[in-house]
Amino acid sequence: MKETVNANIGSIAFTIDRDAYQALEHYFREIRRRLPDDDTETMGDIESRVAEILVEKVPSPMHVVTLEIVRATMARLGAPSDFGEPHDTAGVAGTAGPDTPPTDEEPRHPVRKLYRSRRDRSIAGICGGLGDYFDADPTMIRLIMLLPILFGGLSIWAYVILWIVIPEEPTRKFNIYGTEKRQ
């Protein structure tokens, strides 16, 4: 006998196996780690899409959503890595799901790359990108760049060189509806 859970996914109630629920919860957690902290709309869209797919696959509300159905749904939406790199590395070792065996390794920290910011930009996104890279306030970096410009320094040339040399932050590729979004 399997234990079931009543879960509300995308504002639709489902009866779901405990192991399927844990796998789906792990999947959502991994996607959430890859989205910006203030982006709740995208996560809501993903949950709504999962609910739509589950409604297609489960013939009636009386049937239980199984692990196989959840795995097929996750395969249709794509792997969490398709949503970008994780923003936080805290708790990586503790986020093992039911399909992931626990490891004794320390969590790996992703390689940080310097990009011009697409979200936090005034001119070219240099200061926003430096702020993201160094975990600093972009406004302070802007002030540090502005002061030498006002007092005859060479920071305008440094800014132009950085604008040319630093690549722009890559766009995110979301695979919500089972189709690949071209950039």
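Here, every reference points to the structure presented above.
Sequence order sets the numbering: in each chain, residues are counted from 1 along the sequence as written. Two thresholds apply to this predicted model, a pLDDT of at least 70 for residue-level local features and 80 or more for giving and counting side-chain atom pairs, whereas whole-chain, interface and lining totals are computed over all residues. Note that the side-chain values use all heavy atoms of the structure and ignore hydrogens as well as water.

Caption draft 1: Quick peek at the packing of aromatic side chains. Think of it this way: a Phe, Tyr or Trp ring, Trp meaning its six-membered ring, pairs with another when their centres are within 6.5 Å, and the plane angle makes it stacked under 30 degrees, edge-to-face over 60, tilted otherwise. Overall, the coordinates contain three aromatic pairs when judged by the stated rule. Seen in terms of ring centroids, Y133 and F134 are 5.0 Å apart; in terms of plane orientation they differ by 90°. Their pairing is edge-to-face. A residue is classified by how much of its surface remains accessible, and Y133, at 27% relative accessible area, is partly exposed. Only protein chains enter the calculation, and the probe is 1.4 Å; a residue is then buried if its accessible area is under 20% of its type maximum, exposed if over 50%, and partly exposed in between. Overall, F134 belongs to the exposed group, its relative accessible area being 52%. Between Y159 and W163 the ring centres are 6.4 Å apart and the planes differ by 75°, which places this aromatic pair in the edge-to-face class. Residue Y159 and its partner W163 are both found in helix α6 (residues 155-165); the two are separated by four residues, about one turn of the helix. Judged by its relative accessible area of 38%, W163 falls in the partly exposed class. Counting from the N terminus, the helices are the DSSP runs of H or I reaching at least four residues and the strands are the DSSP runs of E reaching at least two.

Caption draft 2: Representation of the pattern of salt bridges within the structure. Salt bridge criterion: a side-chain nitrogen from Lys or Arg within 4 Å of a carboxyl oxygen from Asp or Glu. Summed over the entire model, instances satisfying the criterion amount to six salt bridges. A salt bridge links R49 to E52; its shortest N-O distance comes to 3.0 Å. Residue R49 and its partner E52 are located together in helix α2 (residues 40-57), separated by three residues, close to a single helical turn. A residue is classified by how much of its surface remains accessible, and R49, at 8% relative accessible area, is buried.

Caption draft 3: Region of interest: helix α4 (residues 126-134). Within α4 the residues assigned to the buried category are I126, C127, G128, G129, L130 and G131. After α4 finishes, the residue D135 shows a positive phi value of roughly 50°.

Caption draft 4: A look at helix α5 (residues 138-150). Each helix should span, by expectation, one fewer than its residue count multiplied by 1.5 Å. For α5, spanning 13 residues, the distance from its first C-alpha to its last is 18 Å, which sits close to the expected 18 Å at 1.5 Å a residue. Listed in full, the buried residues belonging to α5 are P138, I141 and M145. Projected onto a plane normal to the axis of α5, the buried residues spread over an arc of 65° and lie on a single side. In α5, the exposed residues that point more than 90 degrees away from the buried face are I144 and L150. The directions from the helix axis to the C-beta atoms form the arc being described.

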